[in-house]
Protein chains: 2
Amino acid sequence: MEPRPTVVPPPIQLRIADDIRMQIERGELTPGDSLPTLAELAERWSCSVGSARAAIALLKAQGLISSGRGKAPVVRVPPRKVIRSSERHQVEKDLAARPEAERAVVGEAETNLNMQISEQEFRSRYDQVEARAALADLFRIEPTDLVLRRRYDSTDRATGLLLSSSVSYMPVALVSPNPALLDEANEPWPGGTQHQLSTVGVEIMTIIDEVTARMPTTAEAQLWGLPDGVPLILCRRISLDANEKVVEVSDAEYPADRTELRFVTPLKPWPKRRSNGGKTSGRQGGRP
Amino acid sequence: MEPRPTVVPPPIQLRIADDIRMQIERGELTPGDSLPTLAELAERWSCSVGSARAAIALLKAQGLISSGRGKAPVVRVPPRKVIRSSERHQVEKDLAARPEAERAVVGEAETNLNMQISEQEFRSRYDQVEARAALADLFRIEPTDLVLRRRYDSTDRATGLLLSSSVSYMPVALVSPNPALLDEANEPWPGGTQHQLSTVGVEIMTIIDEVTARMPTTAEAQLWGLPDGVPLILCRRISLDANEKVVEVSDAEYPADRTELRFVTPLKPWPKRRSNGGKTSGRQGGRP
DNA sequence: GAGTGGTCTAGACCACTGT
DNA sequence: CAGTGGTCTAGACCACTCC
C-alpha cells in the first residue's frame, strides 16, 4: 500500500543506454563515431543480445543514434538547421504592393533554401471543401460553407523525399470575386498569397503563428525521410485583416532536426518622460 | 545491384500498429478506450506476443497510446494546451515602466496558468559562469568573461514533477552597476527582467524567439513526467536593445503535448496611395 | 563469406491492476 | 487471485555491409 521506496536497480537496457548517452555527452563519442556492436555490448554488460538491442532502440527513439542492418550503430550527426523567420511576413507584404515586374522576379523559390530549385519538384493542388467545425469557427462562417483548400508540397527529385508541405484555407466567398484565385493553374502566383488577397481588396495586418510539436506517424516519417526520434514541428499561421477578421489559415509541418523557427517581436518604446538613463535605483521592492 | 522492387510484406509489428492507428483515426477507438491485450492481439494476428508488444511499443513512441503494467494499453487523451503568447513581451515591457506599487501586484505568478501558485514550488538559482564560445559570440564579449546565469524552475508540490524550467544569461559587466541584480535573494523581482535591466539603463527594443524541438532524454522525461513519444519544445529568447546589442539570452523548455507557443506579428500598412479597394485586376502575371 | 542489426518466436520471471 | 504488461533470455532466420 505504502509507496515502498524499494531500491531496485534500473533495468539493464536503461543502464546501457545511459552509459552510452553519457559517453556522448562527455565527448568520448562524437557525431559520426560507431558504437560497439550488439554482441560486444552484450558481453561487456553480461546480458543478452536482446537487452543490448533494447538499449540501442531507446537511444534511437531519443534521436541520438542511427542504426541499420549490416553496420554498427552510429552517433547521429545533427543536420544544419534551416531558419524560417517571421520577418518574411513583412517582406511578402511589401512585395505584394510592388509592381508586377518586380513581383515576378522574386518568386516563391527562396522559401526552400539549401537546394537548387531545379532539384525540387513542386506540386500545388486546389480544391473546395466544407469548412467543418474548426475552420468555420475561425472564419466565422457556417460549417457547411466552402473553403478553398490549397495544398503545396515540394519533393527532392533525387530521393523522392518531402522537402516542405503545407495546406492553406480561405473562405471561397472571400476570394471568389477574382476567379483567377480559384484555379491552381495560376500557380506559382507572383507575389504570393498576400498579393492574391490584395486583388480582392484584402490587406493583412496581423499574422499569428501557433507552434507545437509531435512525433510523426510511420507514414509521415517515411515521406519526410525522417530518422527515428525526430519530432515534427507544426505551425498554424492565421492571417487577420484590419478588422481582425481571419482571412487565411495555413498549416505547415517541419522536421525538427533541420528546422528552426524564428520570430521577431519589436517592442514599443517606453513613454518619453521616463528617460531612466541613470545608474541604479537599487532594490526597489520585493517580497513584503 | 539494381534496386529490386521486391514485394516484401511489411513486418507484422508495423501491420498491427498501422491497423490500430487507423482505427484511432477512423474514430473506432477514441481517447480513453482500452486496446486489445497483447495476448488477444497475438492470437488475432497469429503472431507471437513479442511482436504484438513491439507494435504497441511503436505506437507509444509515436505518442498515440499509453500503457503500463497490469492494465491494457489505452488511447492517449491529449492534454489541454497551455498557450504561451509573445504578446507577453510587450506587456512585461509596459509593466517595467509603471510605478513600483503596480509592479509588485502583477507578480510573476501568472506565467504558470492552470494551477494555484500555492501548489507550486519555485526555485531560482543565480551564479556566474564563463561565457564560453556560443554565448560570447552572441554578447560580443570574450569567452572568459563572466555571465550571470539565472536558473528558474517550478515543480508541482503534489507530484514533484517539473512545471516549467528556464535559464537566463546576461553579461555580468552589463548588470553589475546595480549589485541587487546579482543576488538571487531578491527574487522574485517585481516587474521581471525588463525592469531589472531598466535599473542599469537598458531598454529592450526587440525580442527574437528561436524555436525547435527534440525528444527528451530519459532523465528529462522523468523530471517532466512526460509519457513516451512526447517531444520537448526548445525556445531560445534573445533580447536586443535599441542598438541591436544582445542584452539577455534565455533558454526555456516546454512539453509539446501541453504547450502551444503563439507569436503575433503586426504588419506595417501599405503605402497610402495604393488604396486597392477595387474588385479584381484579374490574373496579372505568372510564368513567362 | 563473415559479421552485422532487424524481425520473430517461445518461454521465464516480476510488478502491477483489477475483482 | 488471475490476468496484465515490462524485462530478460536464447536462439532462428533474413537482409544488408564490408572485405
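Residues numbered from 1 in each chain as written. Chains lettered and ligands numbered in written order. Predicted model: local features only at pLDDT ≥ 70, side-chain atom pairs only at ≥ 80, totals over all residues. Heavy atoms only, no water.

Moving on: the packing of helix α1 (residues 12-26) of chain B against helix α3 (residues 49-61) of chain B. Residue and element names in this part refer to chain B. Where α1 meets α3, the closest approach of the two axes is 8 Å, and the angle between their N-to-C directions is 50 degrees. The angle between α1 and α3 places the two elements in the oblique class. Judged by the twist between their axes, the crossing of α1 over α3 is right-handed. Along the contact surface, α1 presents Gln13, Leu14, Ile16, Ala17, Ile20 and Arg21, while α3 presents Ser51, Ala52, Ala54, Ala55, Ile56, Leu58 and Leu59. (Axes fitted to C-alpha atoms, helices over the stretch in contact; angles between N-to-C directions. Helix = DSSP H or I, 4+ residues; strand = E, 2+ residues; numbered from the N terminus. Parallel < 35°, antiparallel > 145°, perpendicular 65-115°, else oblique. Left-handed = near helix turned anticlockwise from the far one by under 90°. Contact = heavy atoms within 4.5 Å.)

Take the interface of chain B and chain A next. Counting residues at the interface gives 74 residues for chain B, matched by 73 residues for chain A. When the two sides are added together, the surface that chain B and chain A hide from each other amounts to roughly 6,200 Å², 53% of it contributed by carbon and sulfur. For the pair chain B and chain A, the interface holds two salt bridges. Of the charged contacts, one joins glutamate 210 of chain A and arginine 262 of chain B as a salt bridge, the two residues approaching to 3.0 Å between their closest N and O atoms. Seen at the junction of chain B and chain A, the total is 26 residue pairs in polar contact (both at pLDDT 80 or more). Its residues placed into classes, the side of chain B that touches chain A shows 30 nonpolar, 26 polar and 18 charged. Where strand β10 (residues 259-266) of chain A and strand β7 (residues 204-214) of chain B come together, six bridges link them in antiparallel fashion. Looking across to β7 of chain B, one finds that threonine 265 of chain A is bridged to isoleucine 207 of chain B. (Buried area = accessible area lost by both parts, 1.4 Å probe. Salt bridge = Lys/Arg side-chain N within 4 Å of Asp/Glu carboxyl O. Polar contact = N/O pair within 3.5 Å; in protein donor to acceptor, adjacent residues only side chain to side chain. Nonpolar A, V, L, I, M, F, W, Y, C, P; charged D, E, K, R; others polar. Pairing = 2+ DSSP bridges.)

What follows is about the protein's contact with DNA strand C. Residues in close proximity to DNA strand C total 18 residues, the closest being Ser67 of chain A together with Ile12, Gln13, Ser48 and Ser51 of chain B. Across the atoms of DNA strand C situated within 4 Å of the protein, the share located in sugar and phosphate is 73%. Between DNA strand C and the protein, one listed contact pairs a base nitrogen with a side-chain N or O atom of arginine 69 of chain A at 3.4 Å. Among the secondary structure elements, those contributing two or more residues to the surface near DNA strand C are α3 (49-61), β1 (65-68) and β2 (71-75) of chain A together with α1 of chain B. Taken together, the residues of the surface near DNA strand C break down into five nonpolar, eight polar and five charged. (Near = heavy atom within 4 Å.)

Here the focus is the relation of the copies chain B and chain A. Once chain B has been moved 0.0 Å along the axis and rotated by 180 degrees, it coincides with chain A to within an RMSD of 0.0 Å. The superposition of one copy onto the other is thereby described by a two-fold rotation axis. (Least-squares fit on C-alpha atoms with pLDDT ≥ 70 in both.)

Moving on to the UniProt feature "domain: HTH gntR-type" (unreviewed entry) in chain A. The sites that carry the UniProt feature "domain: HTH gntR-type" (unreviewed entry) are, in the present numbering, residues 10-78 of chain A. With 51% helix and 13% strand, residues 10-78 of chain A has end C-alpha atoms that lie 29 Å from one another. (UniProt positions renumbered as here; feature names shortened; annotations may be inferred.)

Once that is clear, we can look at the domain arrangement of chain A. Here the domain parsing of chain A yields domain 1 (12-75) and domain 2 (82-262). Its C-alpha centre places domain 1 of chain A at a distance of 40 Å from the equivalent point of domain 2 of chain A. (Domains from an automatic or database assignment.)

On inspection of all chains with the given rule, the structure shows one aromatic pair over all chains. Between phenylalanine 263 of chain A and phenylalanine 263 of chain B, the aromatic rings sit 3.9 Å apart at their centres with planes inclined by 0 degrees, giving stacked as the arrangement. With one member in each of two chains, phenylalanine 263 of chain A in strand β10 and phenylalanine 263 of chain B in strand β10 (residues 259-266) form a pair that bridges those chains. Classification of phenylalanine 263 of chain A by relative accessible area gives buried; the value is 4%. (Phe/Tyr/Trp six-rings, centres within 6.5 Å; stacked < 30°, edge-to-face > 60°. Buried < 20%, exposed > 50% of the residue type's maximum accessible area, 1.4 Å probe, protein only.)

A word on the pairing of strand β5 (residues 146-156) of chain A. Residues and elements named next belong to chain A. Where strand β4 (residues 120-130) meets β5, 11 bridges bridge the pair, whose relative direction is antiparallel. Counted as the bridge partner of glutamate 130 is leucine 146 from β5. Here β5 runs beside strand β6 (residues 162-171); their pairing, made up of nine bridges, is antiparallel. Looking at β6, one finds that arginine 151 is bridged to valine 167. Linkage of β5 to β6, two consecutive antiparallel strands, is achieved through a turn of five residues, within which glycine 160 is found at a positive phi near 75 degrees.

With that settled, consider the protein's contact with DNA strand D. What surrounds DNA strand D is a group of 18 residues, the closest being Ile12, Gln13, Ser48 and Ser51 of chain A together with Ser67 of chain B. Taken together, the sugar and phosphate atoms account for 73% of what DNA strand D places within 4 Å of the protein. The separation between a phosphate oxygen of DNA strand D and a polar side-chain atom of serine 51 of chain A is 2.4 Å. Between DNA strand D and glycine 70 of chain A, the relevant distance is 3.4 Å, taken from a sugar or linking oxygen to a main-chain nitrogen or oxygen of the residue. Where the surface near DNA strand D is concerned, the elements lending two or more residues are α1 (12-26) of chain A together with α3, β1 (65-68) and β2 (71-75) of chain B.

This next bit is on the confidence of the model for chain A. All names here are of chain A. When pLDDT is averaged along chain A, the result is 88; 88% of the residues meet or exceed 70. The low-confidence segment residues 1-5, where pLDDT is below 50, has zero contacts with residues more than four positions distant or belonging to other chains. Segment residues 274-288: pLDDT under 50, and 32 contacts once partners within four positions in sequence are set aside and those in other chains are kept. (pLDDT = per-residue confidence, 0-100.)

Proximity of charged atoms lets side chains of opposite charge pair with each other. Residue and element names in this part refer to chain B. Under the definition given, this model contains 34 salt bridges over all chains. For glutamate 203, the salt bridge is made with lysine 93, and the minimal N-O distance between the two is 2.9 Å. One end of the pair, glutamate 203, is in the loop between α8 (192-198) and β7; the other, lysine 93, is in helix α4 (residues 87-96), and 110 residues separate them in sequence. Aspartate 127 is the salt-bridge partner of arginine 149, the closest N and O atoms lying 2.8 Å from each other. Of this pair, arginine 149 sits in strand β5 (residues 146-156) while aspartate 127 sits in strand β4 (residues 120-130); the two residues are 22 residues apart in sequence, bridging distant segments of the chain. For aspartate 127, a relative accessible area of 22% corresponds to the partly exposed category.

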